[in-house]
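Descriptive analysis of the structure
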Amino acid sequence: MSTTSWTVRLRDRIAHTVPEGQALPDRQPAYVASWIYVFGVLTLASFLVVLVTGCILSLGGIEWWHTSSIGHYVNSLHLWSVELFFFFMVIHLWGKFWMAAWRGGRTLTWVTGVVTFLASVGTAFTGYLVQTNFDSQWISTQAKDGMNSVGIGAFFNVTNTGQMLLFHVVLLPIAVGFITVAHVILVRRKGVVPPIDAKEVSA
Amino acid sequence: MSPRRKGDGTPDSHIFPTRPYDLVKEFVLALVGVSLLTIVLGAVFGSPDEKAMTIQDWAKANPNDVILTATGELSGDSGTAGYGPPYNNASDGQNLLGIPLQKWGGVTHPIDAANDFVINPLKDVQGDSALTANLDTWSKASADQQTKWAGDYYKALSDDKVGGDPTKVPSGDYGPVPAMMASYAKVAAEGGLEQQVSTSFYGFDPTRKLLLLADGSAVEDRARASSLGGDQWGMMNETGNYPGQPWLWLYTFWYQVEPFKSSDNADALVWGLMMVLTLGLALVPLIPGLRNIPRWIPVHKLIWRDWYRRTGTTAPARRTT
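Please read these numbers as outputs of a predicted model, since none were measured by experiment. (Residues numbered from 1 in each chain as written. Chains lettered and ligands numbered in written order. Predicted model: local features only at pLDDT ≥ 70, side-chain atom pairs only at ≥ 80, totals over all residues. Heavy atoms only, no water.)

Examining the overall build of chain A
The condition is simple: Numbered from the N terminus, helices here are DSSP runs of H or I no shorter than four residues, and strands are runs of E no shorter than two. Note on classification: 1.4 Å probe, protein chains only; a residue is buried when its accessible area is under 20% of the maximum for its type, exposed when over 50%, partly exposed between these limits.
Across its full length, chain A carries seven helices and one strand. Its helices and strands taken in sequence order, chain A reads α-β-α-α-α-α-α-α from the N to the C terminus. Based on the C-alpha atoms only, the size of chain A along its principal axes is roughly 60 × 50 × 40 Å. A buried classification covers 60% of the 203 residues belonging to chain A.

In structure tokens:
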């Protein structure tokens, strides 16, 4: 029967993930009128710049940027895009906190946002570990004690540059990207949280 | 209109009046703005890149520290030799409120500091008959004798009057250790240790080299000179005047204050505390009191001031979410 087809079920599930017309709406509730809303999209935009500059760095290999002025500049772009990414993300997070944006059944939206932040911290941290310069030597030899003290170092060895590189360029970016997509879908599914104690008004 | 409301009284966002909002245009403008800002920041400020320290650099700059460190690897007095898991079983490591998480992690990166860092690299040296004889004497001695020779020599080197200078060590029964250490410093200064300490041809895992370097004082001295010490907000900073990782400020903060600052279990305690705080942040929506803070400190009135002005809604602080 076509109604029990896995394909049909998946198609229906996707189709009903967000209300009709809300995946990419051209209108927003009238209360969405503040600069604070810009920081979510600024975070997404800077994440894209981080990915692109990181991919360009990857083209030259792990130590390319030490010997090439172009490579060093791309590394600078990568660094500053990460700084901007966190700057925007932290403001976005604080904005959502003061809006109590978890209201109205949006707990999971908040949780995925926090998890994205944590995964981003891990991704940036592994980036600092694979710089193959003095900073990475110092940071890794210091960080190992924290990781080892709670047993994490047994399988996540911050002084193993090869392991950290793979975490940095594959595993953690995939995690951040995946959770970000889930976060955005949840935002679109539930809509932007209304103001605290918002009164009903006529359209 | 009768808004559909969730359990906490929040109306469904889809029933509110709407206004035009171009999400794609907003994203494209944000992307262009962030790209331009990144290009300018990268061009103006660049990024730090201080050359990595090699074992050879260390040996040339401070051979006495290499000798003291290598002696500590033999005697069990170095950081790695007495570390515990995941490198060895020399100690249990730190615990979190009595829970030995470090020990439970197990020895997954086994390191025999004496042999892996010192003896085996010296065995690779060819054409030095005196060193070969000293290594032979060392290997034929009992483990207790080896530890006594190395321990006595380490103690002598560490004496304040000696200051790590082998030429000032008073005479004593140190066996072949002083001569072996002199050879070790020479091999290190010639650049021979880099590959001998490594475990593979490709060298993707420099764990052993990093631990050996970190057992000495050169890395920390250089880091402290760049204001990167643990009590200088350590690893959230980076060399030069760059922002580093300011998002790690809270993690680094705890190391600056008691009781963490002077605790032997500081790392485990800080990690434990950060795990609790992180869990608290993730679960804010479910924690009474925490989730009410946005009502008590009404920043939201600023954010939605236009809406409140138009609809006349005020946000009573007595209500709970």
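Moving on, there is more to tell.
Things to note about the overall build of chain B
Note the following rule: C-alpha atoms define the radius of gyration, and 2.2 Å times the number of residues to the power 0.38 defines the globule rule. The criterion used for residue contact is that any of the two residues' heavy atoms lie within 4.5 Å. Note that accessible areas follow from Shrake-Rupley with a 1.4 Å probe, and for residues the cover is restricted to the protein chains shown. None of His or the chain ends enter the tally, which takes Lys and Arg as positive and Asp and Glu as negative. A single reference atom marks each charge: NZ on Lys, CZ on Arg, CG on Asp, CD on Glu.
Counting its regular elements, chain B contains 16 helices and one strand. Taken over C-alpha atoms, the radius of gyration comes to 29 Å for chain B, far larger than the 20 Å a tight globule of 321 residues would show. Dimensions along the principal axes, computed over C-alpha positions, put chain B at roughly 95 × 50 × 35 Å. Relative to its full complement of 321 residues, chain B shows a buried share of 42%. Counted over contacts in chain B with a minimum sequence separation of 6, partners at least 24 positions apart contribute 52%. Of the accessible surface of chain B, which amounts to about 16500 Å², a share of 58% is contributed by carbon and sulfur atoms. Averaging the coordinates of the 28 positive side-chain charges in chain B and doing the same for the 34 negative ones gives two points 18 Å apart.

Here's the deal with the environment of D116(B)
Residue and element names in this part refer to chain B. To be explicit about the condition: Definition of a polar contact: a pair of N or O atoms within 3.5 Å, with one able to donate and the other able to accept a hydrogen when the atoms are protein atoms, and with sequence-neighbouring residues admitted only if both atoms are side-chain atoms.
As for its position among the elements, D116 is in helix α5 (residues 113-123). In this structure D116 comes out as buried when scored by relative accessible area, which is 15%. Remark: the alpha-carbon pair of D116 and V197, spanning 81 residues in sequence, is separated by 6.6 Å. If sequence neighbours within four positions are ignored, D116 has contacts with P110, I111, P121, V197 and R208. Within polar-contact distance, the side chain of D116 engages the side chain of R208 at 3.5 Å.

Remarks on the side chain of S68(A)
Residues and elements named next belong to chain A. As for its placement among the helices and strands, S68 is situated in the loop between α3 (64-67) and α4 (69-98). For S68, a relative accessible area of 16% translates into the label buried. Of note is the side chain of S68, whose polar atom sits 3.2 Å from the backbone nitrogen of I70. One polar contact links the side chain of S68 to the main-chain amide nitrogen of G71, over a distance of 2.9 Å.

Regarding the domain arrangement of chain B
What counts, and what does not: Where each domain begins and ends follows an automated or database-derived domain assignment.
The assigned domain composition of chain B is domain 1 (55-225) and domain 2 (291-321). Relative placement of domain 1 of chain B and domain 2 of chain B: their C-alpha centres are 63 Å apart.

Concerning the interface of chain A and chain B
Put simply, the test is: A 1.4 Å probe defines the accessible area here, and the buried area is the portion of it lost by two parts on being joined, summed over both. Salt bridges are counted wherever a side-chain nitrogen of Lys or Arg sits within 4 Å of a carboxyl oxygen of Asp or Glu. Residue type decides the class: Asp, Glu, Lys and Arg count as charged, Ala, Val, Leu, Ile, Met, Phe, Trp, Tyr, Cys and Pro as nonpolar, and the leftover types, Gly among them, as polar. What makes two strands pair is DSSP finding at least two bridges between them.
On the chain B side, the residues contacting the 101 residues of chain A number 109 residues. Roughly 9100 Å² is buried in total at the junction of chain A and chain B, and carbon and sulfur atoms are behind 67% of that figure. Here chain A and chain B share one salt bridge between them. Where chain A meets chain B, there are 34 residue pairs in polar contact (both at pLDDT 80 or more). Elements that contribute at least two residues to the side of chain A that touches chain B include exactly β1 (27-29), α2 (38-60), α3, α4, α5 (107-129), α6 (134-149) and α7 (161-190) of chain A. With 16 residues, the top contributor of residues to the side of chain A that touches chain B is α4(A). A per-class count over the side of chain A that touches chain B returns 56 nonpolar, 31 polar and 14 charged. For β1(A) and strand β1 (residues 18-20) of chain B, the ladder comprises three bridges, and the chain directions are antiparallel. In the strand pairing of β1(B), Q28(A) is matched with R19(B).

A closer look at the packing of aromatic side chains
What counts is decided by this rule: Working definition: rings of Phe, Tyr and Trp (its six-membered ring) pair if their centres are within 6.5 Å, and the pair is stacked with planes under 30 degrees apart, edge-to-face with planes over 60 apart, and tilted otherwise.
Tallied over the entire structure, the rule returns 27 aromatic pairs over all chains. Ring geometry for W80(A) and F45(B): centres 5.5 Å apart, planes at 40 degrees, overall tilted. Here W80(A), found in helix α4, pairs with F45(B), found in helix α1 (residues 23-45), and the two come from separate chains. Here the aromatic rings of F253(B) and W254(B) are separated by 5.0 Å at their centres, their planes lie at 65 degrees, and the arrangement is edge-to-face. Judged by its relative accessible area of 17%, W254(B) is buried. Of the aromatic side chains, those joined through ring pairs into one cluster are F47(A), F85(A), F86(A), F117(A) and W247(B).

Topic: the environment of F125(A)
As for its position among the elements, F125(A) is in helix α5. Spatially, the C-alpha atom of F125(A) lies 9.9 Å from that of S136(A), the residues being eleven residues apart in sequence.

Describing helix α8 (residues 177-189) of chain B
All names here are of chain B. Here is the rule: In this scheme, a helix's expected span is set at 1.5 Å multiplied by one less than its residue total.
Taking 1.5 Å per residue as the helical rise, α8 with its 13 residues ought to reach 18 Å, and the 18 Å between its terminal C-alpha atoms agrees with that figure. All of the buried residues along α8 are V177, M180, M181, S183, Y184, A185, V187 and A188. Where α8 terminates, the next one or two residues include G191, which has phi positive at roughly 90 degrees.

A few points about the packing of helix α3 (residues 63-75) of chain B against α8(B)
Residues and elements named next belong to chain B. What counts here: Orientation is described by axes fitted as lines to C-alpha atoms, over the contacting stretch for helices, and by angles from 0 to 180 degrees between their N-to-C directions. Roughly parallel means an angle under 35 degrees; roughly antiparallel means over 145; roughly perpendicular covers 65 to 115; every other angle is labelled oblique. Throughout, a crossing is termed right-handed when the near helix is turned clockwise from the far one, and left-handed when it is turned anticlockwise from it by less than a right angle.
The geometry of α3 relative to α8 is characterised by a closest axis approach of 9 Å and an angle of 125 degrees between their N-to-C directions. Classified by the angle their axes make, α3 and α8 are oblique. Note that α3 runs across α8; the crossing there is right-handed. On α8, the residues that touch P63, V66, I67, A70, T71 and L74 of α3 are V177, M180, M181, A182, Y184, A185 and A188.

Thoughts on the layout of surface pockets
Just so we agree on the cut-off: Within this scheme a cavity is a closed region of a 1 Å grid, computed over the protein atoms alone, that accommodates a 1.4 Å probe without allowing it to escape, whereas a pocket is open but has protein on both sides within 12 Å along at least five of seven lines; lining residues each have an atom within 4 Å of a point. Grid points are joined across faces, edges and corners, and a volume is the space filled by probe spheres set on the points.
Quantified by volume, the largest pocket comes out at close to 1300 Å³. Lining the largest pocket we find 35 residues, and of these F117(A), L118(A), V121(A), M274(B) and T278(B) sit closest to its centre. Elements with a contribution of two residues or more to the lining of the largest pocket: α4, α5, α6 and α7 of chain A together with α12 (249-254) and α13 (266-282) of chain B. Sorting elements by how many residues they give to the lining of the largest pocket places α5(A) first, with eight residues. A class-by-class count of the residues in the lining of the largest pocket yields 31 nonpolar, four polar and no charged. The calculated volume of the second largest pocket comes to roughly 970 Å³. If you go around the second largest pocket, you meet 37 residues; those closest to its centre are G40(A), H92(A), H183(A), V184(A) and V187(A). Of all the secondary structure elements, the ones that give two or more residues to the lining of the second largest pocket are α2, α4, α5 and α7 of chain A together with α1 of chain B. By residue class, the composition of the lining of the second largest pocket is 23 nonpolar, ten polar and four charged.

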